[in-house]
Amino acid sequence: MIRFMKFLVICMGALAIFLLSCKKDDKLFDFHRDWLVEQVSKAGVELPDHASVGDKYYFDKDDKCYITPKNTGKRETHTWEKGKELKFLYIDELRYEIYKAEGDVLEFGQVVEGVDVLTYHLRAKK
């Protein structure tokens, strides 16, 4: 009986270590920071002269998204929310698909009737 109890304690400890060392869920991605649009593409083709390149985004915790266009420098206020499982992003009720949300990279795009209209490639500002 004592051997079984020791074995059970060891197994429970190993299970606890395993569960604590698992990769954290992507739902913990931090939107709440300053972002810079580094690139805009359409159907996989970069649009280097697109007006949104250089725009700044900030997704606030109060469901407000602040966008500062590079060409005007005037901050615009929008609403935002993320869909479950980091699949969708809504800005002023426009639905965007999230392609990548890892570390300091955020990529999302608008798809209409199966066609990529625009994809925004953002990087967190340091």
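Residues numbered from 1 in each chain as written. Predicted model: local features only at pLDDT ≥ 70, side-chain atom pairs only at ≥ 80, totals over all residues. Heavy atoms only, no water.

Student: Whenever I open this one, the nonpolar core confuses me. Can you help?
Tutor: When a protein is soluble and globular, its nonpolar side chains tend to lie buried together. Counting residues in hydrophobic clusters, the biggest one holds 23 residues, and the most contacted among them are Phe31, Tyr57, Phe59, Leu89, Leu106, Phe108 and Tyr120. When residues of this core are traced back to their parent elements, those giving at least two are β1 (34-42), β3 (56-59), β4 (64-68), β6 (88-91), β7 (94-102), β8 (105-112) and β9 (115-124). Ranked by the residues each element gives to this core, the list is headed by β9, at four residues. The residues touching phenylalanine 31, leaving out its near neighbours within four places in the chain, are Phe59, Trp80, Lys82, Leu86, Leu89, Ile98 and Leu106. (Core = buried A, V, L, I, M, F, W, Y, C linked by side-chain atoms within 4.5 Å. Buried < 20%, exposed > 50% of the residue type's maximum accessible area, 1.4 Å probe, protein only. Helix = DSSP H or I, 4+ residues; strand = E, 2+ residues; numbered from the N terminus. Contact = heavy atoms within 4.5 Å.)

Student: Hey, could you run me through the side chain of aspartate 55 in this one?
Tutor: With respect to the secondary-structure elements, aspartate 55 resides in the loop between β2 (45-46) and β3. Notably, aspartate 55 is buried but unbridged: the nearest opposite-charge side chain belongs to lysine 70, and the N-O separation is 6.4 Å. In contact with aspartate 55, not counting residues within four places along its chain, are Trp35, Leu36, Val37, Thr68, Pro69 and Lys70. (Lys, Arg positive; Asp, Glu negative; His and termini not counted. Salt bridge = Lys/Arg side-chain N within 4 Å of Asp/Glu carboxyl O.)

Student: How should I be thinking about the side chain of histidine 78 in this particular structure?
Tutor: Structurally, histidine 78 can be placed in strand β5 (residues 76-82). Of note is the side chain of histidine 78, whose polar atom sits 3.1 Å from the side chain of glutamate 76. Setting aside chain neighbours within four positions, we find histidine 78 in contact with Asp63, Lys64, Cys65, Ile67, Ile91 and Asp92. (Polar contact = N/O pair within 3.5 Å; in protein donor to acceptor, adjacent residues only side chain to side chain.)

Student: Sorry, what's going on with the pairing of β9 here?
Tutor: Consecutive side chains of a regular strand alternate in pointing toward one face of the sheet and then the other. Counting buried positions over the 10 residues of β9 gives seven, a clear majority of the element. Both β1 and β9 contribute to a ladder of six bridges, which runs antiparallel. If you follow tryptophan 35 over to β9, its bridge partner there is alanine 124. Taken together, the eight bridges between β8 and β9 define a ladder with antiparallel strand orientation. Residue pairing in the sheet places valine 111 in a bridge with aspartate 116 of β9. Hairpin geometry of β8 and β9 is characterised by an intervening segment of two residues between the two adjacent antiparallel strands and by a positive phi of about 50° at glutamate 113. (Pairing = 2+ DSSP bridges.)

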